[in-house]
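Fold and contact review
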Amino acid sequence: AQSVTQLGSHVSVSEGALVLLRCNYSSSVPPYLFWYVQYPNQGLQLLLKYTTGATLVKGINGFEAEFKKSETSFHLTKPSAHMSDAAEYFCAVSEGQAGTALIFGKGTTLSVSS
Amino acid sequence: GAGVSQSPSNKVTEKGKDVELRCDPISGHTALYWYRQSLGQGLEFLIYFQGNSAPDKSGLPSDRFSAERTGGSVSTLTIQRTQQEDSAVYLCASSSRTTGESQFFGPGTRLTVL
């Protein structure tokens, strides 16, 4: 069965600092991996995804993530945090084909201080 | 419309009442998903529709939950005899072959069962 583990339910950084949100997955088939962001009282917005090909994927708002099969990881990074990045971030996995349910991690709340 | 829309945005009901939640997917999207987001359980898959195929109901928590999708577009999630543990945010997402593996989410319906 697939599962997603997000290490750290809450991450705090200073504005301008590196953002690193950790995600590890388990999957018996090549996974498709996603990061979503959720701002207060809003739905989920897709940040980026990995399906096949290049393992370093770039998304919106300066975020990127690297798929590391050997480590079963898909950590999300941003070189310089902005106040507007404060939100909840969810990592998700699906079974590598369109039309399958997403399995989500528990989420990581990112706080950014000035 | 430009995005997935859901109605109502908030619903307060009494224990034992039935509720209906509506989702309008992005025009042309053939796949539609329902998820539930609650403090205790995080984000959980409920049900998935793809075109005219039989829906994948594997995530429905009990037989009090049902969903239908009329004309391959709008979907209604029905919860009968609501319980307090049904209180959650219900999220709808849609995708299509052109979006491949990417699901686009609506803003959700916040259900409160008193």
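One structure accompanies this document, and this report is about it. None of the values given here were measured: they were computed from a predicted structure.

In this section: the overall build of chain B. Regarding its fold elements, chain B presents zero helices and 10 strands. What you see in chain B, going N to C, is helices and strands ordered as β-β-β-β-β-β-β-β-β-β. Judged by the C-alpha coordinates and their principal axes, chain B covers about 40 × 25 × 25 Å. In chain B, buried positions account for 50% of the 114 residues. Across chain B, contacts joining residues at least 24 apart in sequence account for 55% of those joining residues at least 6 apart. Roughly 5,600 Å² of accessible area belongs to chain B as shown, and the carbon and sulfur atoms make up 45% of that amount.

Right, let's get into the layout of surface pockets. Of the pockets and cavities examined, the largest pocket occupies roughly 590 Å³. Together, 28 residues line the largest pocket, and A:Gln38, A:Asn41, B:Gln37, B:Val89 and B:Arg110 are the ones closest to its centre. Those elements giving two or more residues to the lining of the largest pocket turn out to be strand E10 (87-94) of chain A together with strand E4 (31-38), strand E5 (42-50), strand E8 (88-95) and strand E10 (109-113) of chain B. Tallied by class, the residues present in the lining of the largest pocket amount to 10 nonpolar, 15 polar and three charged.

That bond from B:Ser7 to B:Pro8 is cis: its omega, -10 degrees, falls within 30 degrees of zero. With respect to the helices and strands, the residue B:Pro8 is situated in the loop between strand E1 (5-7) and strand E2 (10-13). Of note in this structure, A:Asn61 is not a glycine but carries a positive phi near 60 degrees. In this structure, A:Asn61 sits in the loop between strand E7 (56-58) and strand E8 (64-68). We classify A:Asn61 as partly exposed; its relative accessible area is 41%. For B:Arg81, which is not glycine, the phi torsion reads 45 degrees and is therefore positive. For B:Arg81, the position within the fold is in the loop between strand E7 (75-79) and E8. By relative accessible area, B:Arg81 is classed as partly exposed at 42%.

Once that is clear, we can look at the interface of chain A and chain B. Contacts between chain A and chain B engage 19 residues on the former and 18 residues on the latter. Note on chain A versus chain B: buried area summed over both sides is about 1,500 Å², and carbon and sulfur give 55% of it. Along the contact surface separating chain A from chain B lie zero salt bridges. At the level of secondary structure, the elements contributing two or more residues to the side of chain A that touches chain B comprise strand E5 (32-38) and strand E6 (44-50) of chain A. Examining the composition of the side of chain A that touches chain B, we find that four residues originate from one element, E5(A), more than from any other. Here the side of chain A that touches chain B is built from residues that sort into 10 nonpolar, seven polar and two charged.

Here we come to the nonpolar core. Side chains of a nonpolar character, in soluble globular proteins, are inclined to be buried together. All names here are of chain A. Residues Trp-35, Leu-48, Phe-74, Leu-76 and Tyr-89 are the most contacted members of the largest nonpolar core, which totals 27 residues. Secondary-structure elements contributing two or more residues to this core are strand E2 (10-14), strand E3 (19-21), E5, E6, E8, strand E9 (73-78), E10 and strand E12 (108-113). Tallying contributions element by element places E10 first for this core, with four residues.

All names here are of chain A. One pass over the structure, following the stated rule, counts five salt bridges over all chains. Its salt-bridge partner being Glu-64, residue Lys-58 comes within 2.8 Å of it at the nearest N-O pair. Look at Lys-58 and you get exposed, because its relative accessible area is 62%. According to the relative accessible area criterion, Glu-64 is partly exposed, its value standing at 22%. A salt bridge links Lys-78 to Asp-85, with the nearest nitrogen and oxygen atoms 2.9 Å apart. On the accessibility criterion, Asp-85 (2% relative accessible area) is buried.

Criteria and thresholds
Residue numbers restart at each chain and count upward from 1, following the sequence in its written direction. Chains carry letters from A onward and ligands carry numbers from 1 onward, assigned in written order. Residues qualify for local features only when their pLDDT is at least 70, as the model is predicted, and side-chain atom pairs are given and counted only at 80 or more; totals for whole chains, interfaces and linings, by contrast, use all residues. Water and hydrogen atoms play no part in the side-chain values, which are based on all heavy atoms of the structure. A run of H or I in DSSP counts as a helix once it spans at least four residues, and a run of E counts as a strand once it spans at least two, with each numbered from the N terminus. Three labels apply to residues, based on accessible area from a 1.4 Å probe with only protein chains included: buried if under 20% of the type maximum, exposed if over 50%, partly exposed otherwise in between. A contact between two residues is defined here by any heavy atoms of the two lying within 4.5 Å. A 1.4 Å probe and the Shrake-Rupley method give the accessible areas. Residues count as covered only by the protein chains that appear here. Here a cavity denotes a set of grid points, spaced 1 Å apart and computed over the protein atoms alone, in which a 1.4 Å probe fits but from which it cannot get out, and a pocket denotes an open set meeting protein on both sides within 12 Å along at least five of seven lines; residues with an atom within 4 Å of a point are reported as lining. Grid points are joined across faces, edges and corners, and a volume is the space filled by probe spheres set on the points. Only Asp, Glu, Lys and Arg are considered charged in this grouping, and only Ala, Val, Leu, Ile, Met, Phe, Trp, Tyr, Cys and Pro are considered nonpolar; every other residue, Gly among them, is considered polar. Throughout, the accessible surface (probe 1.4 Å) given up by two parts as they are put together, summed over both, is called the buried area. Any carboxyl oxygen of Asp or Glu within 4 Å of a side-chain nitrogen of Lys or Arg constitutes a salt bridge here. We call a set of buried Ala, Val, Leu, Ile, Met, Phe, Trp, Tyr and Cys residues a nonpolar core when their side-chain atoms join them within 4.5 Å.

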